[in-house]
Amino acid sequence: MSMTVTELPHKEQALFRSALKLYEASQYKKGLKVSDQILKKFPDHGETLSVKGMFLAHLERKEEGYELMERGLKINPQSSISWHVYGLVCRSDKKYAQAIKCYEEALKADSENMHILREVASLYVQMRQYSKAVECREKLVAMNPFFPSFWLGLATTHHMNGRYDLAIKVISAHESGNNQPPLDKYQISELSLYKNWLIELNGDYQQALDHLKEIRPQIVDITGWKEKKARLLLKADRKEAAATAFQDLLERNSENDDYITGYMECNGLDMKCDEDQDAVLEVIGTLQQQFPSSNRLRFLPLMYSTGDNFVVAAESLAKYALRKGIPSLFSSVRVLYADKVKGAALGTLIESCATQIRDTKRFSDSTDDEPASVLLWCNYYLAQHYDYYGDHERALTLIEEAIRSSPKTIEPYMIKARILKHAGDFRGARDTMDYARQQDVGDRYLTTKFIKYMLRVNEVDEAEKTYLLFVNEDAPHKIQEIVNMQATWYMNERGHAFRRMGDIGRALKHYHQAIGVFDTYQDDQYDFHQYSVRKVTLRSYIDILQWETTVYENPAYQTAARAAAECYLELADRKAAGNAFVPIEVEKDDKPLTRNGSAQQGQHNLAAGVGETKVYDVEKDPNGTKFVESDNLAEALKLAEHLESVAASNPDTHVLAFEVHLRMQKYFLVLKAINALKAIDATHPALPSMVVRLSQALDTDESFAAPLKVPLRAQLAKAFGAVDITTGADESIDSVLAAAKSMLAMGDGDQAAALLVQTPEAKYVEGRTLLKLLEVKRLLAKSGADESTQAAFGAAAKTVFPLATCF
Amino acid sequence: MITIRQAEARDAVGMQACNLTNLPENYQLKYYLYHLATWPELSFVATTNDRVVGYVLGKMNDDDPTTPLDGHITSLSVLRSYRRLGLAERLMTQAQRSMAEVFGAHCVSLHVRVSNVAAFSLYKNTLKFDIKDTEKKYYGDGEDAYAMKKDIREMYLSEMDSLDF
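Values in this document were obtained by computation on a predicted structure and should not be read as measured data.

Draft legend 1. Spotlight on the interface of chain B and chain A. On the side of chain A, 66 residues touch chain B, which itself brings 51 residues to the contact. Taken together, the two surfaces of chain B and chain A that pack against each other cover about 5500 Å², and 54% of this comes from carbon and sulfur. Summed over the three residues of chain B that lose the most area to chain A, namely M1, R80 and F165 of chain B, the buried surface amounts to 18% of that side. On the surface where chain B and chain A come into contact, there are nine salt bridges. In this structure, D161 of chain B engages K226 of chain A in a salt bridge whose closest nitrogen and oxygen atoms are separated by 2.9 Å. Run the count over chain B and chain A and you get 36 residue pairs in polar contact (both at pLDDT 80 or more).

Structure below.
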């Protein structure tokens, strides 16, 4: 019935209120019982049905719950409570857009309800609808101007809405008010620095500086205050004062790059300008004297010096690092190798060091013998140096010398494994890494690398067994625990392994695990809308919001999403070719899932005394059937569209979008993808073949309206003119790959093969990598080339990568 | 080239990755965000090209409101490939100073596996922690932990900044 709660008899009203209290206390079973008590007398009471539905939804009876809530709303469509309850459930199911709609309905009937306003404000922020959040929070502040969470929340929402001025106004109006609860010392400090940041964002640096002085007595984040001082002074062009401020900061942390760069800027020095080089090096030198223990200052001269200056600086750093035995020396200077002169100079330098030590046991300018380990670290560096340049044989020789000189040092084995990986001997890499980790089985870092190398040779079961060695013993289900701990690198690598093995179903399962992790990451921010505001850690809160807005830009997400989309496209293509993929059943006889790795899952649960066997998510659909049987193109589209919205600056996004839209015959979107790619990189190797394929599709697709083809063809002609699919394929392996893929898509395997087999030739040396040649191999097999052609390619590839076992 | 700075939200995924690579005690991302949202000044990262190669995740122990606040190290780790640079020591120093200055902590405490000789040496010899206790079966795999503690009151630099600028 459409009677509201207040129209029920007193007894039932009291029961209803207690039901709501039970919800707040998360006592869902009891709440359910109480709801049923009311419904006994009033079986059609709309609002009670809604509340009962809410309890059911929280007791794993979601479908029933939603049904009841909908019934409740049908009976009483104006009930604020019923809409509120539905909104709550949608929100806990992370259906934020739907939740917002419910809350908006709830507000229609009860526009001044504080709870509803608070909750929907958080939802608006979650969905980045800041203007609406501002509206709600203004109401809340008007209702209670002395509750800090309300006006602080409003300030942050103004901030995210770009109105720093309004945010400042709100804070100024309320910070000295009779706040309940009053802000404590830490919170006042945080608020002051937040307000100062707003003043800075609002553009008035002098005002910010004045404010900074004002607030100092109440600041506890002293480093934060000093950072602001230095930055603001620099922005206000008060270089001398800023320099002192940055020096003050360097006293606290001489490894901080922002402090060093800031200090340099104060000296009017552009670190990237060659003319300033001597002055820059002099300043760095002075700083080094002040802060002799700073690693960063030790490395910095190499970044900003050239010619003889560079050699001097490099020699100083090298001797320090070689004597100390710092494994990351090469990794740290690797960035310099982009400058060919510097790379060569470093090689020459370390070779010279090695020769000096070998011949005389000391450096030419020292009076004492160096420890024997110095030669080890010289060889260790040089191995990485030659590996960088692709001279894997020489690199191996050097690292093996290093190993012989000190067989118990583990680091050289890791480099050897990496060299073998680069050289195409993945099994050798795996075996070397296995040896390394066995020297220190308690070191998870070594085991982690080993697991990765196992996955690279598709040893998925062994990799899993090994991973489990480090999973928490208390975890009720160890494989689920791996997923719960959000190890996306592992999920992606497993996905790649299954994909290589042709098990598209399992590949998709793992890619979706990784995608799910990022969905969780984005969702994580929700609680902080209230928590951070309550804690008054507002700078941190805004930082969290800003990062969360970009959470899907993470490379691990992009990898998973793109790989999954490509899998879906492959499924669709195979279906269309009459060769549909069938999920692969795999026999698994031992399941080391639970404690001690011995008990079967079912037994473990029964032992725990629970009647039902819980099925964990990881156990469901082991073959990935659900993914295989989905609407493949629709799934690919979802992923491609999401990438277009979050990763538009990545060329690969548009290459993928092209493939999806083309198969779905959305030719305007295909053109859009081509143009987007062109805007990023007009020389991208995939462009010629994309243009050709779109043209061909327009020519052959009779179901697409002819009048629509006209503007598409015109735009293509205007933007690209006459295009040959083999453009650039004469000298660029990337162009060969792009052209070959497209030729295969258009059914021309022979032409693809003819191009592909040329890639081991000398003219393709620029940008040719092992992985690209492996891709060539894969495409060649796909092209239907005969055995002898493939074998000839393999032999030719081996002349380029003599140590490779993968061809 | 490595830089050391206060941890930000964008570092959380990298801290988690570093932790998963190195240590058996792992946490969900939200736990890292919770630290950054509650004690933003107590976590630091060592990064190179925006990749987290080392981190310290710090917090305050506010379990018992009657005792002075103690700082606590939830987690500390540096990738093996970046050892011998003193990163752990530098990260810890930053975190400890912040605990003293920002939150007025008198002590900082942490747990370390009794078998972890390298870490124990860092805390005992380099950073001057003392063993307070041995906690039996502290870790998930049953290993014992040393509960270590250090007085950090002298790390509070009570000098007042000059406001003459």
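Draft legend 2. Fine view of the side chain of T48 of chain B. Within the secondary structure layout, T48 of chain B lies in strand β2 (residues 44-48). The contacts of T48 of chain B, once residues within four sequence positions are left out, are M1, I2, V53 and Y82 of chain B.

Draft legend 3. Quick peek at the environment of K575 of chain A. All names here are of chain A. Mapped onto the fold, K575 is located in helix α32 (residues 555-576). Each C-alpha atom, one on K575 and one on E7, is 61 Å from the other, the two residues being 568 residues apart in sequence. In contact with K575, not counting residues within four places along its chain, are A580, V628, S630 and N632.

Draft legend 4. Structural detail: the confidence of the model for chain B. Per-residue confidence for chain B gives a mean pLDDT of 93, with 99% of residues at or over 70. Predicted as a complex, the structure gets a pTM of 0.94 and an ipTM equal to 0.96.

Draft legend 5. Representation of the pairing of strand β3 (residues 51-61) of chain B. Residues and elements named next belong to chain B. Within β3, nine of the 11 residues are buried, which leaves it mostly tucked inside the rest of the structure. As judged from the five bridges shared by β2 and β3, these two strands associate in the antiparallel manner. Bridge pairing links T48 to R51 in β3. Hairpin connection between β2 and β3: a loop of two residues separates the two successive antiparallel strands, and N49 in this loop has a positive phi of roughly 50°. As paired strands, β3 and strand β4 (residues 70-78) are joined by eight bridges and run antiparallel to one another.

Draft legend 6. Spatial organisation of helix α43 (residues 787-800) of chain A. Residues and elements named next belong to chain A. The end-to-end C-alpha distance of α43, which contains 14 residues, comes to 20 Å, matching closely the 20 Å that a straight helix rising 1.5 Å per residue would cover. By the burial criterion, the buried members of α43 are F793, G794 and A797. Down the axis of α43, the smallest arc covering the buried residues is 100°, so these residues share one side. Of the exposed residues in α43, those oriented more than 90 degrees away from the buried face are S788, A791 and T799. Check the buried side of α43 and you find it contacts α41 (749-756) and α42 (770-782).

Draft legend 7. Representation of the pattern of salt bridges within the structure. Tallying each qualifying case throughout the model produces 64 salt bridges over all chains. Among the salt bridges present, the one from D237 of chain A reaches K239 of chain A, with a minimum N-O distance of 3.3 Å. Of the charged contacts in the structure, one is a salt bridge between R80 of chain B and E411 of chain A, with a shortest N-O distance of 2.9 Å. Here R80 of chain B, found in the loop between β4 and α3 (87-103), pairs with E411 of chain A, found in helix α23 (residues 411-423), and the two come from separate chains. Each of the two residues, R80 of chain B as well as E411 of chain A, counts as buried. Linked through salt bridges whose partners overlap, the residues forming this network are R427, R430, D431, D434, R437 and E459 of chain A.

Draft legend 8. Representation of the side chain of K709 of chain A in the model. All names here are of chain A. Here K709 lies in helix α39 (residues 706-720). Lacking a salt bridge, the buried K709 has D701 as its closest oppositely charged neighbour, with an N-O distance of 6.0 Å. A polar atom in the side chain of K709 sits 2.7 Å from the backbone oxygen of L698. Leave out the neighbours within four places in its chain, and K709 touches L698, D699, D701 and F704.

Draft legend 9. Here's a closer look at helix α2 (residues 29-38) of chain B. In terms of burial, α2 of chain B is a largely internal element, seven of the 10 residues being buried. What α2 of chain B keeps buried is the set L29, Y32, L33, H35, L36, A37 and T38 of chain B.

Draft legend 10. Structural view of the pairing of β2 of chain B. All names here are of chain B. Along β2, five of the five residues are buried, which leaves the element largely enclosed by surrounding structure. Burial along β2 is two-sided: the face carrying F44, A46 and T48 and the face carrying V45 and T47 are both buried. Here four bridges tie strand β1 (residues 3-6) to β2, and the two strands are oriented antiparallel to one another. In the sheet register, T3 faces β2, and the bridge partner there is T47.

Cut-off values and rules
Residues numbered from 1 in each chain as written. Chains lettered and ligands numbered in written order. Predicted model: local features only at pLDDT ≥ 70, side-chain atom pairs only at ≥ 80, totals over all residues. Heavy atoms only, no water. Contact = heavy atoms within 4.5 Å. Buried area = accessible area lost by both parts, 1.4 Å probe. Salt bridge = Lys/Arg side-chain N within 4 Å of Asp/Glu carboxyl O. Polar contact = N/O pair within 3.5 Å; in protein donor to acceptor, adjacent residues only side chain to side chain. Helix = DSSP H or I, 4+ residues; strand = E, 2+ residues; numbered from the N terminus. pLDDT = per-residue confidence, 0-100. Buried < 20%, exposed > 50% of the residue type's maximum accessible area, 1.4 Å probe, protein only. Pairing = 2+ DSSP bridges. Expected span 1.5 Å × (residues − 1). Arc of directions from axis to C-beta. Lys, Arg positive; Asp, Glu negative; His and termini not counted.

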